[in-house]
Amino acid sequence: MIYSFFSLVLINLILSVSVLGYGKLLLKCIYFKKINGLNYYSIIFILGLVITSLIANISSFFIPITDTITFIYILIGTVIFFYIFKGNYLIKEITTIIFIVLFASLFSFYSKDSDDFSYHLFSILYYKENVLERGLINNTNELRIAFNSIWFSLNSLIALKSFKVSFFFISSFLYASVIYDLGIKTIQNYKDKLNSVSSLYCIFSLIYLLGVVGKYQNMGSDLPGQIIIVIIIFVFFENFEKSRKFNERVFIVLLILSLFAFQIKITNILILPLIIFLYLFLDNKFKIFLISLILMLPIFIWLYQNYYISGCYIFPIPLLCLENIDQAIFYNFVIGAFSKSIFKEGIPYETSEYLFDNFRWIKFWLNSHFSKILEKTLLYFIILILPISF
């Protein structure tokens, strides 16, 4: 058991150094010579994932993303990391990363199950074992790959098939790094006696992440995007409180994070109104608009990859399909019915359609989700009520 945990820590440490190397490189490109602010490990890590996902998506059209490709990716990222952090800051950075890695390793080591490793394993391994096939949706029984969250191709490049524990790395380090960043920020706010919206947001985000999200089997491709949105809103509060003129480079970083969250799960597009709102407070709007078009390139590659797999730019939205429209209509209904807990009751398809169209699904949804709603909100209500009680 000790050997297994030590192996997990070592692999997580190597992978984190590599991803953070790519993230630092991107952040340095955005901020040029001097990096001002946004020096949070979670943000640097996500920026590293953004570069990783772009490499993975482009590579998938030409070569299988084998462990050999992963080793090359790790080596390059590690070299970048040590080049950027050469000098006095290296020991401090490595010490902090080891601390985050230990927490991340405990988080994944004691998990009972992993959605990434079970339900989505087929999609991850497909990218590691195959060159992407045109019209794949028509040549496989595993239709889940047609939904094509970028989280899966991303895992295929970072995870090593020969080391199963590496499949747990991305979600666990993302979770641990945001806990670390928010925790350090909360301590700083307490020492500085800051009573601001951003400081309150830090505290409540920590409560949510530690009290609710701390179950690795529920991570899948849903919560990573939500964690990224937690970070985006935190940066928004922190910067918008200081000045109503929003920093252009901070905006660029938040735009990159938002586009990445959308590629993980399309419902994360709900963060877009905040990004548009921030755009209105920029000085040089036209320049940022042109930069934003360039930053959309990964989205266009991902959309083309979706079309290449399923004939839809986003499957299974029928309006965005040029091919396989009937399949999209059917699976769009299946997803909607499943999310409303109708299918879990074993109800026939025809009856499900009736319940779906006439709001009769609400009873089934409450039966299935009410306990989960209490789990996610009760802790907040208790904390809010405690000061009133005294």
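Structure report, in brief.

What counts, and at which threshold
- Note on numbering: residues in each chain are counted from 1, in written sequence order.
- For this predicted model, a pLDDT threshold of at least 70 governs which residues receive local features, and a threshold of 80 or more governs which side-chain atom pairs are given and counted, while totals over whole chains, interfaces and linings are taken from all residues.
- With hydrogens and water excluded, all non-hydrogen atoms of the structure serve as input to the side-chain values.
- By the criteria applied, helices consist of DSSP H or I runs no shorter than four residues and strands consist of E runs no shorter than two, each listed in order from the N terminus.
- Three exposure classes are used, based on accessible area relative to the maximum for each residue type with a 1.4 Å probe and protein chains only: buried under 20%, partly exposed in between, and exposed over 50%.
- By definition in these notes, contact holds between two residues if any of their heavy atoms fall within 4.5 Å.
- Surface accessibility follows the Shrake-Rupley procedure with a 1.4 Å probe radius. Residue values consider only the protein chains on display as shielding.
- The sign given to each residue is positive for Lys and Arg and negative for Asp and Glu; His and the chain ends receive no count.
- Should a side-chain nitrogen of Lys or Arg be within 4 Å of a carboxyl oxygen of Asp or Glu, the pair is scored as a salt bridge.
- Exposure above 30% relative accessible area and no salt bridge define the residues that can form patches, which grow by joining like charges within 9 Å and nonpolar side chains of Val, Leu, Ile, Met, Phe, Trp and Tyr within 5 Å.
- Note on geometry: axes are lines fitted to C-alpha atoms, helical ones only across the stretch in contact, with angles between N-to-C directions running from 0 to 180 degrees.
- For this classification, under 35 degrees means roughly parallel, over 145 means roughly antiparallel, 65 to 115 means roughly perpendicular, and everything else is oblique.
- Under the scheme applied here, ten amino acids are nonpolar (Ala, Val, Leu, Ile, Met, Phe, Trp, Tyr, Cys and Pro), four are charged (Asp, Glu, Lys and Arg), and all others, including Gly, are polar.
- Helix crossings get a hand from a simple test, with the near helix turned counterclockwise from the far one by less than a right angle marking a left-handed crossing and a clockwise turn marking a right-handed one.
- One less than the residue count of a helix, multiplied by 1.5 Å, gives the span that helix is expected to have.
- Whenever two N or O atoms come within 3.5 Å, that pair is a polar contact, provided that in protein one can donate a hydrogen and the other can accept it, and provided that, for residues adjacent in sequence, both atoms are side-chain atoms.

## Describing the overall build of the protein chain
Counting its secondary structure elements, the protein chain contains 16 helices and zero strands. Per-residue burial over the protein chain gives 50% buried out of 390 residues. Taking the contacts inside the protein chain whose residues are at least 6 apart along the sequence as the reference set, 74% of them involve residues at least 24 apart. Of the roughly 19,700 Å² of accessible surface on the protein chain, 69% is carried by carbon and sulfur atoms.

## Overview of the side chain of Asp181
Its location among the elements puts Asp181 in helix α7 (residues 169–191). No salt bridge forms around the buried Asp181; measuring N to O, its nearest opposite-charge neighbour Lys185 is 10 Å away. Not counting residues within four places of it along the chain, the set of residues in contact with Asp181 comprises Tyr40, Tyr41, Ser42 and Ile43.

## A closer look at a nonpolar patch on the surface
Where nonpolar side chains cluster on the molecular surface, the patch consists of Ile269, Leu270, Leu272 and Ile276 and spans about 400 Å² of accessible area. Within the secondary structure layout, Ile269 lies in the loop between α10 (248–264) and α11 (272–279). Among the residues examined, Ile269 registers a relative accessible area of 43% and is labelled partly exposed.

## What about the packing of helix α2 (residues 41–60) against α7?
The packing of two helices is summarised by the inter-axis angle and the distance between the axes. Following both chains from N to C, one finds α2 and α7 inclined at 150°, their axes separated by 8 Å at the closest point. Taken together, the axis directions place α2 and α7 in an arrangement best described as roughly antiparallel. On α7, the residues touching Tyr41, Ser42, Ile43, Phe45, Ile46 and Leu49 of α2 are Phe169, Ile170, Phe173, Leu174, Ser177, Val178, Tyr180 and Asp181. Residue composition of the contact of α2 with α7, grouped by class: eleven nonpolar, two polar and one charged.

## Things to note about the environment of Ser198
Its place among the elements puts Ser198 in helix α8 (residues 197–211). Judged by its relative accessible area of 8%, Ser198 is buried. Along the chain, Ser198 and Phe236 lie 38 residues apart, while their C-alpha atoms are 8.5 Å from each other. When near neighbours in sequence (up to four residues on either side) are disregarded, Ser198 contacts Phe234, Phe237, Glu238 and Glu241.

## Structural notes on the pattern of salt bridges
Overall, the coordinates contain five salt bridges when judged by the stated rule. Notably, a salt bridge pairs Asp67 with Lys128, separated by 3.4 Å at the nearest N-O pair. Pair noted here: Asp67 is in helix α3 (residues 67–84) and Lys128 is in helix α5 (residues 121–129), with a separation of 61 residues, a long-range link. Classification of Asp67 as buried rests on a relative accessible area of 15%.

## Notes on the side chain of Asn12
Mapped onto the secondary structure, Asn12 falls in helix α1 (residues 2–31). Here Asn12 falls in the buried class, since its relative accessible area comes to 1%. Residues contacting Asn12, with those up to four places away along its chain left out, are Val101, Ser105, Ser108 and Phe169.

## What about the environment of Asn130?
Considering the arrangement of structural elements, one finds Asn130 in the loop between α5 and α6 (150–158). Between the C-alpha atoms of Asn130 and Phe61, which are 69 residues apart in sequence, the distance is 9.4 Å. Not counting chain neighbours up to four residues away, the residues in contact with Asn130 comprise Ile63 and Pro64.

## Concerning the packing of helix α9 (residues 223–240) against α10
Packing of α9 against α10 brings their axes to within 9 Å, and their N-to-C directions diverge by 160°. By the angle class used here, α9 and α10 are roughly antiparallel. Once α9 is placed against α10, the crossing between them reads as left-handed. Contacts between α9 and α10 pair Gly225, Ile228, Ile231, Ile232, Val235 and Asn239 from the former with Val250, Leu254, Leu257, Ser258, Phe260, Ala261 and Ile264 from the latter. Residues that form the contact of α9 with α10 fall into these classes: ten nonpolar, three polar and no charged.

## Overview of α10
With 17 residues, α10 should cover 24 Å at 1.5 Å per step; its first-to-last C-alpha distance of 25 Å lies within 8% of that length. Burial of α10 is extensive: 15 of the 17 residues sit out of reach of the surface. The N-cap of α10, judged by a side-chain oxygen 2.8 Å from the amide nitrogen of Arg249 a few residues on, is Asn247.

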